[in-house]
Every structure is written in C-alpha cells, then in structure tokens.
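The chain contents come next:
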Amino acid sequence: MPFLESVRLALNTIRVQKLKSFFTLLGVMIGVMFLIAVVSIVQGMSNYVENDFAAKIIGVNTFTFRRRPNFNPNTTDDQWREFQRRPRIYAADVELVRSVQPVGNTSAIVNQSFIYASTIYARPRQAQVIATEASYFDIKKLNITSGRAFTAQEVSAGAKVIVIGTDIVERQFGELDPLGRQLRIGGMPYTVIGILEKQGSVFGFSLDRQAIVPWTTPVSRLIQPRGDLQSMIVQGPTREVMQDGIESAREVMRGVRHLPPGKVDNFALETEDSALAFFDGLKKQMIVFGTALPAIGLVVGAMVIMNIMLVAVAERTREIGIRKALGAKRSDILSQFLIEASTLSVIGAAIGIALGLAAAKVVSMLTPLPAAVAPWSIGMALVLGAGVGIVAGVYPASRAARLDPIAALRQE
Amino acid sequence: MSPHTDDVALSTTAERAAVVQAAGAQPDKDWVIVTRGLKREYDMGGEIVRALRGVDLAIRRNEYVAIMGPSGSGKSTFMNLIGCLDTPNAGEYWLSGELVSQKNDDELARVRNKEIGFVFQTFNLLPRASALHNVELPLVYAGIGSAERKERAMEALTKVQLDNRATHRPNELSGGQRQRVAIARALVNRPSILLADEPTGNLDSTTSEEIMKVFENLAETGQTVIMVTHEPDIAAHARRVVVLRDGLIASDERKENFTSKLGL
C-alpha cells in the first residue's frame, strides 16, 4: 500500500476517535512542548549573550586587564587563594600596559561597584557606579541624550561630575530635570551633567542604573580602598590589533613582575571570549537538564502510544483479518500500524511545537528570559515525534502483521 | 434453452477424475481449482484432529459449485484452503494453473488479492469506511492508483445496483445491501473465483433470494462461483453440489436440470 494511502488511512482513524487520539498523543505533546520551550529559551539566551550581552556589557573587540578573572566559573579554593595572593594593579602598571598598546587601541581605567546614590528628593537606592575615563563612553558606545559626557580635562582635574542612566533619573529626580542638580554617591556630592540613552536590560539586570564618574574622584577610594585600580578596558580597532594589545600587555606585565617562563600570569587579560565560554558552559548544562525532563515525557508518551496501539490491534483484529483476506501482505499491515502510530505522534509533536513556541513566548514576555526559536529544534522535534511513533509502533504493528487471517476473521 | 448454456463449461465426472489423478502434472488453465489429496490436520492440545483427509476435487472455469456438509465435515477448513487463507499439511492445490499449496504468506496474500473474491456470512465490511471505500480495498492492495480505483469500484457497485449508496457506511445499509457491497468488493479485482461462505446465513429468506439471484446472474456471465453452505435450498441454486463428510468428499453431483431451476 502506498505511503500516502496509509497516512490518509491513519488520519481517518484518528479523526474517528478524536478524544482517544488526543489522550494518546498527550505524552508526546507535553514532552515536545517542554523540549521546544526549553530549547527556545536557551537559544534565546545564547543569542542574547552572543549578540547583545557581549557588546553591551563587555564591549566589541575589547579586553580587560585586571587582577583576577571576572568570568571564572567553578573557582576552586586553591585558585581563589592564588587570586588573593596576586599583586594588586596600580596606576603605574596601567600606564605601563597603556604605553605598549599598538596605535589605535583606546583604553579606560574602570573601577566599578554598587553604591547607594541619594538625592534630597527620594530615598537612597543602589546604583552601578563606574569610575572611569572620558574614553569609556566611546568604548562602550554610550550615547548621551541630554547634557554631555565628561571630558579628559575633568578627569585629570578630578571634577565631581556624573552622567546617569534613565532609571536613576526616574528614581531620584522624578519629573525634575536632573541636569545641574546634585546626586550623592556614597554620601559625596556630584553634579549631574549628562543623561545616558536608555539601554534596556540583560537577563532582568537593568543597564540604566549606571552612574558614570571620573575615576579621579573620591568614589574610587570607596570602591578600591587600598588605592589600587580594579581594571582597565582596552579596545582595538579590529580583533587582531586587540589580540596584539593583549600580548604586548602580557609581555610587559610579566617583565615588570619578573615572571620566569613556566610560571603562570599573576594577572588576568580577559576578552569577551571568556565570558562567552562561561555562558557556553551554562548553556550546555541548561540544555542537558532542560531536555532530560522532556525526554522522560517522550518515553512515557511512547509507552502510551504503544499501549494504545496494542489496544487498537486487539480491537481491530477483525479489520486486520478482512484486510488480509482481501490481499494485504504482512508489510502492508505492518506499515499501516507503524504509520498510524507515527502519524499520531507526529501530530502530537506538531501540537507540542506550537504549544512550546507559545510557552517560550509567554516566558519571554513575563520574565526577563529572552526566547528565540531554533529552526533545528522544530525539525528535531518532528523527527523525534516520528521516531517515538515508530519505536512505539513496532511491537503492536508486528503483532498485527503476524495475525492469522482465519483466526482474525473469526474474532467478534 | 437460452444460448448462454453453451458458453458455460461444465466438467464431466470422467474429465474430473482424469485431472485429479494426474498428481504433479500441471492442470490446464481452464481448471480453476484442482486439489489432489488435500490434507489438513490441527493439533488441539495434543490431540490431532484430521479436518481434511485427502480431498480430490477439480472445478472448471465458469462452474457454479456449492460445497455442503454438516458441521465438523471439514467444509470450513476446505474453504480456508481454497481461499488461500490456510495451507494444507499434504496434497496439492492448483489455482488457475498455479501451484499455491507451497506458497508463503506474502505470496498467498497476492493470490488472494488477484484470484479470489470473498463473500462472508457476516459481510465483513470495514464499519468506518464508506461502501465505495470498502469496494476499493482489494484495488488498494493491488497497488492501483486512486482515480482508476474509484472508477472501478463505482463500476462494481453499479453492477450490484448500489451506485446510489456509494457514500453510505455499512451501518446505514440493510443486510442485503451490505452483502451486495461485499459482492461488489469481491468482484472488483476480477478474481478467478468468487468464494462465498454461507452468503445468506445472516439474511432473511426474501433477501437470500435476492442475493442468490445476484449469484446466478454472475454465474451466467461466466464468473466461477464457489459457495459453502449447509442449507440445501441455497445449495440447490448451484449447478453442482459437492458434499463433504468427515474430511472426505461424500458425493459430487452435477445438476443436469439446473436451467429449469433458474426458471428459464
């Protein structure tokens, strides 16, 4: 019997028994639904990390020179002690690294922490305070919507000026125009000179709570009480020039710290790759755990289908007998039931895909988790659906195919 | 005498004996069925039941044969063998010049599809399919395309005057109509034999007559019809009556005066 004929027959059988078919494919449906939802969310996160996160939080073609790595999952106690023993980074080190950078690389000292910001208008709220240089705005592609950024002169003079994000404007100034007004950071008064363009959020973490000040102002002492520097961000015009800069920085730092060959760096030079590697690990874990549960759903779904198909074979013994009497070969009966089982589960998978996409959409609307549909996951779900059907259908179908036509015809 | 009687081939006892006894020799294609020493035994929990103990039978193309016998005579077993639903333990079965007693399951399925049209006591229509689809079924397994299938199925339904009921399901049809659908289904693939198992067993006497009329018309147009029944008045419609008893042929009579029975 031709394939399409069998599919039509299967659809017919399914249509006649709508409710029973629905319950049959429930397992596959739920399994595929969660699979698609999880994969979409993980995919969305990874798209986000690769496209937005890396650019927004880390910066394009940048590396960071710091005492210890920022993105270092599963740090052991030994590693942590080693980090703590490392020499601190001072202005002299930063200047040294800066002096060996290839032409075209721009850099900015960055001291960053969460500090209470307060005005006379509202209660204090935490802000992400970044004490840096004027070039930071260029490196991070931060646009100013009103007012201005601070200048190199203001940085060298240690002017207590501040550029703030829209969240801080709303929370601390409400309807007032913040420009020219005072904002206290850790109790120290700063004059607002500019407002940043709205940045949005990453994983629910708002980027509009930034408050950017010259690193030469007292806030740096609050962030780094020992007078050392937290980090320096360096941006190259291209990836290659940036890599060049990393190697130059490594060379000069190892030299100044007298590190013999064979000893590892006692400072960190991090690129967005380390952040991406960190998220890749996270993504793999999420995919493994996120798909293990739906996989159980699919196994249960397969068992339900197998069970229902066994019932169907028992119920339709006479039909099988009739078909055999009329000339159906074993392979005809086998494929009829196999195709019926896989049509069932493919329909289940299709409904599951639709529900999974909807679920991913709902999750991305209600929570900060982004969702993006991975086309491969839809293909995989359909193949998986058909596979589940075939696996579940093999035993019942082969039982049907082996039925003796005489006995089958005699059955009431 | 109507002219058709000359076209209908009828085997004489002597001819049959000659064909049946030449074991191993391939019979002429004109002999639709030739069985030689057909034996079938069942193992019923250690006890061997000999349902057929060596049946020799030859049926020529265009014959209209009734197979009779009391229950336990082996007539159902014989019908299953003739219908290629079962294989004998011993003996030969030639169907249309083809030795089918040695064939495997799938080959038998092909033979059933091509050579045999079944009509059952309980009609055995697929309950969820329309009359047309039921009639189409043998063509589906013959691998015939959808358009030709529909056409031929419709043609077969027209032959049994049910073309106006094509879209009806079996439960929307009367018993006689159902049996006519079953006959259309049996004939749609132009089989060598029409094999009917108690075709009137579930029908009242008026409808039975109606169905017998259909069979007679078929026999007149040259269709080989074999009918298994235990009702003598139904068997009386056939031109030849074979009686089985205890797994052997007890009598094989040709009705010389069958035309008078047809009221011709």
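Participant: When you look at the overall build of chain A in this model, what are you seeing that I'm missing?
Facilitator: Scanning chain A from terminus to terminus reveals 14 helices and twelve strands. Relative to the 2.2 N^0.38 estimate, which gives 22 Å for 412 residues, the radius of gyration of chain A is 32 Å and therefore markedly larger than a compact globule would have. C-alpha atoms of chain A, sized along the principal axes, occupy 100 × 60 × 35 Å. Residues classed as buried in chain A amount to 48% of the 412 residues present. Across chain A, the fraction of contacts at a sequence separation of at least 24, relative to all contacts at a separation of at least 6, is 77%. The averaged location of the 33 negative side-chain charges in chain A is 7 Å from the averaged location of its 43 positive side-chain charges.

Participant: Quick question: what am I supposed to make of the interface of chain B and chain A here?
Facilitator: When the parts come together, some accessible area is lost, and that loss is often what is quoted as the size of the interface. Facing 22 residues of chain B, the contacting portion of chain A comprises 24 residues. Of the roughly 2,200 Å² buried where chain B meets chain A, counting both sides, 57% is carbon and sulfur surface. When residues of chain B are sorted by the area they lose upon contact with chain A, B:L85, B:R128 and B:Y141 head the list and together hold 33% of the total. Remark: the boundary between chain B and chain A carries two salt bridges.

Participant: Before we go on, may I ask you to explain helix α8 (residues 205–220) of chain B in this structure?
Facilitator: Owing to its 3.6 residues per turn, the α-helix brings residues three or four apart onto one side. Residue and element names in this part refer to chain B. For α8, built from 16 residues, the straight-helix expectation of 22 Å at 1.5 Å per residue is met to within 8% by its first-to-last C-alpha distance of 22 Å. Within α8 the residues assigned to the buried category are T207, S208, I211, M212, V214, F215, E216, L218 and A219. Contacts from the buried residues of α8 go to β3 (64–68), β6 (116–119), α7 (175–187), β7 (193–197), β8 (224–228) and α9 (232–235). Once α8 finishes, G222 follows within two positions and takes phi at roughly 105°, a positive value.

Participant: Hey, could you run me through the packing of aromatic side chains in this one?
Facilitator: For any pair of aromatic rings, the description rests on two quantities: the centre-to-centre distance and the angle between the ring planes. Residue and element names in this part refer to chain A. According to the stated counting rule, one finds six aromatic pairs over all chains in the structure shown. Their ring planes at 65° and their centres at 5.7 Å tell us that F22 and F23 sit as a pair that is edge-to-face. With centroids separated by 5.2 Å and ring planes inclined at 75°, the aromatic side chains of F137 and F150 adopt a geometry described as edge-to-face. With F137 in helix α5 (residues 136–139) and F150 in the loop between β4 (144–147) and α6 (152–157), this residue pair connects regions lying 13 residues apart in the sequence. Summarising the burial analysis for this pair, F137 and F150 share the class buried.

Participant: Is there a simple way to explain unusual backbone geometry in this structure?
Facilitator: What you tend to see is this: most non-glycine residues have negative phi, and most peptide bonds are trans. Notably, A:H258 is not glycine yet its phi reads approximately 55°, a positive angle. Within the fold, A:H258 resides in the loop between α9 (239–256) and β12 (268–271).

Participant: I'm lost on the sheet that holds strand β5 (residues 98–99) of chain B in this one. Help?
Facilitator: Strands in a sheet are paired, the pairing made by backbone hydrogen bonds, and the direction either parallel or antiparallel. Spatially, the four strands line up as an open sheet ordered β2-β1-β4-β5 (chain B), and their pairing is antiparallel. The open sheet is flanked by β2 (47–60) and β5 of chain B, the only strands paired with a single partner.

Participant: I would appreciate a short explanation of the domain arrangement of chain A in the present structure.
Facilitator: Residue and element names in this part refer to chain A. We note that the domain assignment places domain 1 (3–53 + 277–410) and domain 2 (59–271) within chain A. Using C-alpha coordinates to define each centre, domain 1 is positioned 52 Å away from domain 2. The partner domain 2 presents six residues to the eight residues of domain 1 that form the contact. Each partner contributes to the roughly 680 Å² buried at the junction of domain 1 and domain 2, and carbon and sulfur atoms together form 85% of this total. Here domain 1 is connected to domain 2 by zero salt bridges. Counting the contacts that link domain 1 with domain 2 gives zero residue pairs in polar contact (both at pLDDT 80 or more). Residue assignment for the side of domain 1 that touches domain 2 shows that the elements contributing at least two residues are α2 (18–58) and α10 (272–315).

Participant: Is there a simple way to explain the sheet that holds β3(B) in this structure?
Facilitator: All names here are of chain B. Read from one edge of the open sheet, six strands run β6-β7-β8-β3-β9-β10, paired in mixed fashion. The outermost strands of the open sheet, each flanked by one partner alone, are β6 and β10 (248–254). The mean inter-strand angle of the sheet, taken between neighbouring strand axes irrespective of direction, is 20°. The sheet contact formed by β3 and strand β9 (residues 240–245) spans four bridges and is parallel. Opposite V65, over in β9, you have R240 as the bridge partner.

Participant: Before we go on, may I ask you to explain the packing of helix α5 (residues 131–141) of chain B against α7(B) in this structure?
Facilitator: The relative placement of two packed helices comes down to the angle between their axes together with the axis-to-axis distance. Residues and elements named next belong to chain B. Contact geometry for α5 and α7: axes closest at 7 Å, N-to-C directions at 30°. In terms of orientation, α5 and α7 fall into the roughly parallel class. In this structure, α5 meets α7 at a crossing whose hand is right-handed. Taken together, the residues of α7 that come into contact with α5 (itself represented by A131, N134, V135 and P138) are V181, A184 and R185. In the contact of α5 with α7, the residues fall into five nonpolar, one polar and one charged.

Participant: How should I be thinking about the pairing of strand β4 (residues 90–95) of chain B in this particular structure?
Facilitator: Note on strand geometry: in a regular strand, side chains alternate between the two faces of the sheet. Residue and element names in this part refer to chain B. For strand β1 (residues 31–44) and β4, the ladder comprises five bridges, and the chain directions are antiparallel. Residue I33 lies in a different strand from β4, and its bridge partner there is L95. Looking at chain direction, β4 and β5 are connected through two bridges and run antiparallel. Note that in β5 the partner of W94 across the bridge is L99. Counted between consecutive antiparallel strands, the loop separating β4 from β5 contains two residues, among which S96 sits at a positive phi close to 50°.

Participant: What is the right way to read the pattern of salt bridges from this model?
Facilitator: Two side chains with opposite charge may pair up if their charged atoms get near one another. Inspection of every chain in the model, using the stated rule, returns 28 salt bridges over all chains. With a shortest N-O distance of 3.3 Å, A:E315 and A:K20 are connected by a salt bridge. With a gap of 295 residues between them, A:E315 in helix α10 and A:K20 in helix α2 connect regions that are remote in the sequence. We classify A:K20 as partly exposed; its relative accessible area is 25%. Residues joined in a network through salt bridges with shared partners are A:R316, A:E319, A:R323, A:E340 and B:R128.

Participant: Could you clarify how one ought to interpret the confidence of the model for chain B in this entry?
Facilitator: For residues with low pLDDT, the predicted coordinates do not support detailed interpretation. All names here are of chain B. Per-chain confidence: chain B averages 86 in pLDDT, with 92% of residues scoring 70 or above. Below a pLDDT of 50 lies the segment residues 1–7, which in the model reaches seven contacts outside its immediate sequence neighbourhood of four places, other chains included. Here residues 258–264 scores under 50 on pLDDT; set against residues more than four positions off or in separate chains, the count is twelve contacts.

Participant: Would you mind showing me how to read the nonpolar core here?
Facilitator: If you look at soluble globular proteins, the nonpolar side chains tend to sit buried side by side. By size, the foremost hydrophobic cluster in this structure holds 64 residues, and its most contacted members are B:I33, B:F78 and B:L95. Among the elements that make up this core, the one with the highest residue count is helix α12 (residues 330–366) of chain A (seven residues). Apart from residues no more than four positions distant in its own chain, B:F78 is found in contact with B:T35, B:L38, B:L52, B:V55, B:L57, B:I67 and B:L244. In this structure, B:A186, B:I211, B:A219 and B:V243 belong to the second largest nonpolar core, which totals 41 residues.

Basis of the calculations
- Residues numbered from 1 in each chain as written.
- Chains lettered and ligands numbered in written order.
- Predicted model: local features only at pLDDT ≥ 70, side-chain atom pairs only at ≥ 80, totals over all residues.
- Heavy atoms only, no water.
- Helix = DSSP H or I, 4+ residues; strand = E, 2+ residues; numbered from the N terminus.
- Rg over C-alpha atoms; globule rule 2.2 N^0.38 Å.
- Buried < 20%, exposed > 50% of the residue type's maximum accessible area, 1.4 Å probe, protein only.
- Contact = heavy atoms within 4.5 Å.
- Lys, Arg positive; Asp, Glu negative; His and termini not counted.
- Charge placed at Lys NZ, Arg CZ, Asp CG, Glu CD.
- Buried area = accessible area lost by both parts, 1.4 Å probe.
- Salt bridge = Lys/Arg side-chain N within 4 Å of Asp/Glu carboxyl O.
- Expected span 1.5 Å × (residues − 1).
- Phe/Tyr/Trp six-rings, centres within 6.5 Å; stacked < 30°, edge-to-face > 60°.
- Pairing = 2+ DSSP bridges.
- Domains from an automatic or database assignment.
- Polar contact = N/O pair within 3.5 Å; in protein donor to acceptor, adjacent residues only side chain to side chain.
- Axes fitted to C-alpha atoms, helices over the stretch in contact; angles between N-to-C directions.
- Parallel < 35°, antiparallel > 145°, perpendicular 65-115°, else oblique.
- Left-handed = near helix turned anticlockwise from the far one by under 90°.
- Nonpolar A, V, L, I, M, F, W, Y, C, P; charged D, E, K, R; others polar.
- pLDDT = per-residue confidence, 0-100.
- Core = buried A, V, L, I, M, F, W, Y, C linked by side-chain atoms within 4.5 Å.

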